[in-house]
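Inside the fold
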Amino acid sequence: MADRIPVGTLRSIVQLVRLLGLYARMDVMWIARARSTAVTFYLAEWVLGFGIVASTWLLAERFDGIGPWSRAQVVFLLGYSLLVRGVVDMLFGWNVAHISRRIGRGQLDHMLLQPVPLWVLVLAEGFSPLSGSGLALSGGVVLWLSGEGLGVFTPALFVLNLLASVAIVIGFSYAWASLAFLAPRAAEEINSSTMDLIDQVRAFPLDGLGPGLLGVLLSVVPIGYVAWLPARSLLGLTDSPWLVWLTPLAAIGIVSIGLSIFGRGMRHYRATGSTRYLALGHRR
């Protein structure tokens, strides 16, 4: 099998594994530098995580569910949505998910100067298995609390849909981040807006929306794939069992579109560089 992999690709994979180990060690050193720091950090993350889903959870408790969703199924949806956000934080921390900040601040050059492919750095530099795990742990606890009353689904399908939801968040983020290539100062924080948009809607059942708005949330602004549709299909709330494969298929399309748009931005960046600090003559 190794003989069929190009030497350059194999070398990049080896570099990726080594960098993941390096960033994991640095993350452990950072979060474990003091016990008080670690305790405060995780308490804050858990409070944030439960605060994000509290309103929907309380509604489900008050009315024993929301629409066709039972209370346990709503809690599962909330746990799934937190887990998606947590995995994004664990794998794409340190402004790798918010890549518009790096582009807008001229920090993309720091990545391009490294003797490894850009895709390796994107997959490695944000790896934060401890400092990024707060919301993931919160999501795991909420999923555990959903417990009884759920349908049976294959763990492999759960993991596949979870990774697809994460990929959709990143693909959507990188597509919009490409605006920072053209307007670095104006679009530096555009990923903050895209992430906030996802966070504000992802933890709600979308069943009551009209077909027009629901179509928008499954295409132009693909928030429906972040939690609602995969949770709905995994729990058997859909008419067709084949809909469980829709989120992974959507991930392929959205990531492809995101990479295409980002690639166009990179071609522009190679020709112009970062224009944000030209008036200053240097970066300060």
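In this report, we go over the structure that sits alongside the text. Model, not experiment: these values are computed from the prediction.

Positive phi values are uncommon outside glycine, yet tryptophan 94 reaches one of about 55°. For tryptophan 94, the position within the fold is in the loop between helix 3 (71–91) and helix 4 (99–104). Backbone geometry at asparagine 95 places phi at a positive 65°, although glycine is not the residue there. Looking at the secondary structure, you find asparagine 95 in the loop between helix 3 and helix 4.

It is worth spelling out the pattern of salt bridges at this point. Following the criterion strictly, the structure yields eight salt bridges and no others. The salt bridge partner of arginine 85 is aspartate 199, with a shortest N-O separation of 2.5 Å. With arginine 85 in helix 3 and aspartate 199 in helix 10 (residues 190–201), this pair connects stretches of sequence that are 114 residues apart. Linked by salt bridges that have partners in common, Arg85, Asp89, Asp199 and Arg202 make up one network.

Moving on, we come to the nonpolar core. With 72 residues, the main nonpolar core has Ile103 and Phe158 as its most contacted residues. With residues near it in sequence (within four places) discarded, phenylalanine 158 still touches Phe76, Tyr80, Leu83, Leu143, Phe153 and Leu234.

Turning next to a nonpolar patch on the surface. A contiguous nonpolar patch, built from Val39, Leu43, Trp46, Phe50, Leu137, Val141, Trp144 and Leu145 and spanning about 760 Å² of accessible area, is present on the exposed surface. For the nonpolar patch, the secondary structure elements donating two or more residues are helix 2 (35–63) and helix 7 (134–146). On the accessibility criterion, valine 39 (45% relative accessible area) is partly exposed.

Of the volumes computed, that of the largest pocket is approximately 450 Å³. Around the largest pocket sit 18 residues that line it, and Val122, Leu123, Ile170, Val255 and Leu259 are the ones nearest its centre. Counting residues per element, the ones that place at least two in the lining of the largest pocket are helix 6 (118–124), helix 8 (155–177) and helix 13 (246–272). Each residue belonging to the lining of the largest pocket can be placed in one class, and the counts come to 15 nonpolar, three polar and no charged.

For the structure shown, the criterion picks out one cavity of 30 Å³ or more. Of the volumes computed, that of the largest cavity is approximately 50 Å³. Listing elements by their share of the lining of the largest cavity, those giving two or more residues are helix 3 and helix 10. Residues of the lining of the largest cavity, tallied by class, amount to six nonpolar, no polar and three charged.

Using the criterion set out here, one finds eight aromatic pairs in the structure. For the ring pair tryptophan 30 and tryptophan 94, a centre distance of 5.7 Å and an interplane angle of 85° mean the geometry is edge-to-face. Placement of the pair is tryptophan 30 in helix 1 (residues 7–31) and tryptophan 94 in the loop between helix 3 and helix 4, with a sequence separation of 64 residues. On the accessibility criterion, tryptophan 30 (34% relative accessible area) is partly exposed. A connected cluster of aromatic rings, assembled from ring pairs, spans Tyr174, Phe181, Phe262 and Tyr269.

Quick notes on the rules
Residues numbered from 1 in each chain as written. Predicted model: local features only at pLDDT ≥ 70, side-chain atom pairs only at ≥ 80, totals over all residues. Heavy atoms only, no water. Helix = DSSP H or I, 4+ residues; strand = E, 2+ residues; numbered from the N terminus. Salt bridge = Lys/Arg side-chain N within 4 Å of Asp/Glu carboxyl O. Core = buried A, V, L, I, M, F, W, Y, C linked by side-chain atoms within 4.5 Å. Buried < 20%, exposed > 50% of the residue type's maximum accessible area, 1.4 Å probe, protein only. Contact = heavy atoms within 4.5 Å. Patch = residues over 30% accessible without salt bridge, like charges linked within 9 Å, V, L, I, M, F, W, Y side chains within 5 Å. Areas by Shrake-Rupley, 256 points an atom, 1.4 Å probe, with all protein chains shown as cover. 1 Å grid on protein atoms, 1.4 Å probe; cavity = no way out; pocket = protein on both sides within 12 Å on 5 of 7 lines; lining within 4 Å. Points joined across faces, edges and corners; volume = space filled by probe spheres on them. Nonpolar A, V, L, I, M, F, W, Y, C, P; charged D, E, K, R; others polar. Phe/Tyr/Trp six-rings, centres within 6.5 Å; stacked < 30°, edge-to-face > 60°.

These figures capture arrangement, not role.
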